Amino acid sequence: MIETNEFGLNEFADWSKKAGSDIMMAVNLGTRGPEDAKNVLEYCNFKGGTYYSDLRKSHGYKDPHNIKLWCLGNEMDGPWQMGHKTASEYGRIAAETSRLMKFMDPTIETVACGSSNLTMPTFGSWEYTVLDECYDEVDYLSLHQYYGNYANDTVDFLASSKGMDDFISGVVAICDAVKAKNTAKSRLTFPSMSGTYGITAMNRIRNWKNGYVHRISLRMFTTLRMHFLWEAC
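Residues numbered from 1 in each chain as written. Predicted model: local features only at pLDDT ≥ 70, side-chain atom pairs only at ≥ 80, totals over all residues. Heavy atoms only, no water.

## A look at the packing of aromatic side chains
So, step 1. Summed over the entire model, instances satisfying the criterion amount to four aromatic pairs.
So, step 2. Measuring from centroid to centroid gives 4.8 Å for Tyr 51 and Tyr 52, while their planes differ by 85 degrees, and the two rings are edge-to-face. (Phe/Tyr/Trp six-rings, centres within 6.5 Å; stacked < 30°, edge-to-face > 60°.)

What follows is the structure in structure tokens.
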């Protein structure tokens, strides 16, 4: 079946407003790159007077969408991805894309891709190499892991939170190691895990590092922020 694209970016932005939610938008760093990321940012966030912002207006959206959180690709370590990259390749393009996008709109924040899941053979080394390339340019690092009650063992399933806790702690340690290697670097964050079970309760916690408030939603979609935002959706 061919995707008709009847429900696109503008329609999603409309839905988000009705739902009272913020948008986390992803740019394509597999088959596309920094230029296309710049263009979609221009389309979404510029008021007018440029090619893509005026194109948005011609589509019936006078006001910009003002999307503030941008994922630099998604699961780029996965060989199933079109445009799959090594950690070094991805780290470089993530750094340059983030730098270009922030040059155009300094109010946005960007999310680098962590490993697709804990069982990836490159887990750990992927995070370290990616951050070594782009630490100064990004604000978040994503953590992805699926948790499901496949064995119909509720007690064991609820204990998955301990595994997620260890996962977060391990990636925080990697961020600390990269920061120690690059003493001039000061920030980092963790974004997103998607999971088969969604609990949408939101809590507030204090940043262990700087006292910042971090959001946690219990849906297994975790965002680590480099002051650290944890968002387990």
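Structure shown, so let's carry the discussion forward.
## Considering a nonpolar patch on the surface
So, step 1. On the surface, Phe 7, Phe 12 and Trp 15 cluster together into a nonpolar patch covering about 340 Å² of accessible area.
So, step 2. Of note, Trp 15 is situated in helix 1 (residues 9-19). (Patch = residues over 30% accessible without salt bridge, like charges linked within 9 Å, V, L, I, M, F, W, Y side chains within 5 Å. Areas by Shrake-Rupley, 256 points an atom, 1.4 Å probe, with all protein chains shown as cover. Salt bridge = Lys/Arg side-chain N within 4 Å of Asp/Glu carboxyl O. Helix = DSSP H or I, 4+ residues; strand = E, 2+ residues; numbered from the N terminus.)

## Structural notes on the pattern of salt bridges
So, step 1. The full count for this structure, using the stated rule, is seven salt bridges.
So, step 2. We note a salt bridge from Glu 96 to Arg 92, for which the minimum N-O separation is 3.5 Å. Pair noted here: Glu 96 and Arg 92 are both in helix 4 (residues 87-104), with a separation of four residues, about one helical turn.
So, step 3. For Glu 96, a relative accessible area of 28% puts it in the partly exposed group. (Buried < 20%, exposed > 50% of the residue type's maximum accessible area, 1.4 Å probe, protein only.)

## What to know about the side chain of Glu 127
So, step 1. Take Glu 127: it is sitting in helix 5 (residues 125-134).
So, step 2. Among buried Asp, Glu, Lys and Arg side chains, Glu 127 stands out as unpaired, with Lys 181 the closest opposite charge at 15 Å.
So, step 3. Here Glu 127 is in contact with Gly 114, Ser 115, Thr 122, Leu 141, Val 171 and Ile 174, once residues within four sequence places are set aside. (Lys, Arg positive; Asp, Glu negative; His and termini not counted. Contact = heavy atoms within 4.5 Å.)

## Let's talk about unusual backbone geometry
So, step 1. Of note, the phi angle at Asn 66 is positive, near 50 degrees, even though the residue is not glycine.
So, step 2. By the element assignment, Asn 66 lies in the loop between helix 3 (51-58) and strand 2 (69-72).

## Examining the pairing of strand 4 (residues 140-144)
So, step 1. Taken across its five residues, strand 4 has five buried, putting it largely inside the fold.
So, step 2. The alternating pattern of strand 4 places Tyr 140, Ser 142 and His 144 on one face and Leu 141 and Leu 143 on the opposite face, and all of these are buried.
So, step 3. The pairing of strand 3 (residues 109-112) with strand 4 spans two bridges and is parallel. Residue pairing for strand 4: Val 111 is matched across the bridge by Tyr 140.
So, step 4. In this fold, strand 3 hands off to helix 5, which returns the chain to strand 4; that crossover is right-handed. (Pairing = 2+ DSSP bridges. Right-handed = clockwise from strand over helix to strand, strands pointing away.)

## Quick look at the packing of helix 2 (residues 34-45) against helix 4
Angle between the axes and distance between the axes: these two values describe a pair of packed helices.
So, step 1. Look at helix 2 against helix 4: their axes get within 9 Å of each other, and the N-to-C directions meet at 30 degrees. Taken together, helix 2 and helix 4 sit at an angle that is classed as roughly parallel. Relative to helix 4, helix 2 is oriented so that their crossing is right-handed. From helix 2, Pro 34, Ala 37, Lys 38, Leu 41 and Glu 42 reach across to helix 4, where they touch Ile 93, Thr 97, Leu 100, Met 101 and Met 104.
So, step 2. For the contact of helix 2 with helix 4, the residue count by class is seven nonpolar, one polar and two charged. (Axes fitted to C-alpha atoms, helices over the stretch in contact; angles between N-to-C directions. Parallel < 35°, antiparallel > 145°, perpendicular 65-115°, else oblique. Left-handed = near helix turned anticlockwise from the far one by under 90°. Nonpolar A, V, L, I, M, F, W, Y, C, P; charged D, E, K, R; others polar.)

## Some thoughts on the confidence of the model for the protein
So, step 1. With 78% of its residues at a pLDDT of at least 70, the protein reaches an overall mean of 82.
So, step 2. This model gives residues 189-224 a pLDDT under 50, and the stretch forms 152 contacts once residues within four places in sequence are excluded.
So, step 3. Below a pLDDT of 50 lies the segment residues 226-233, which in the model reaches 63 contacts outside its immediate sequence neighbourhood of four places, other chains included. (pLDDT = per-residue confidence, 0-100.)

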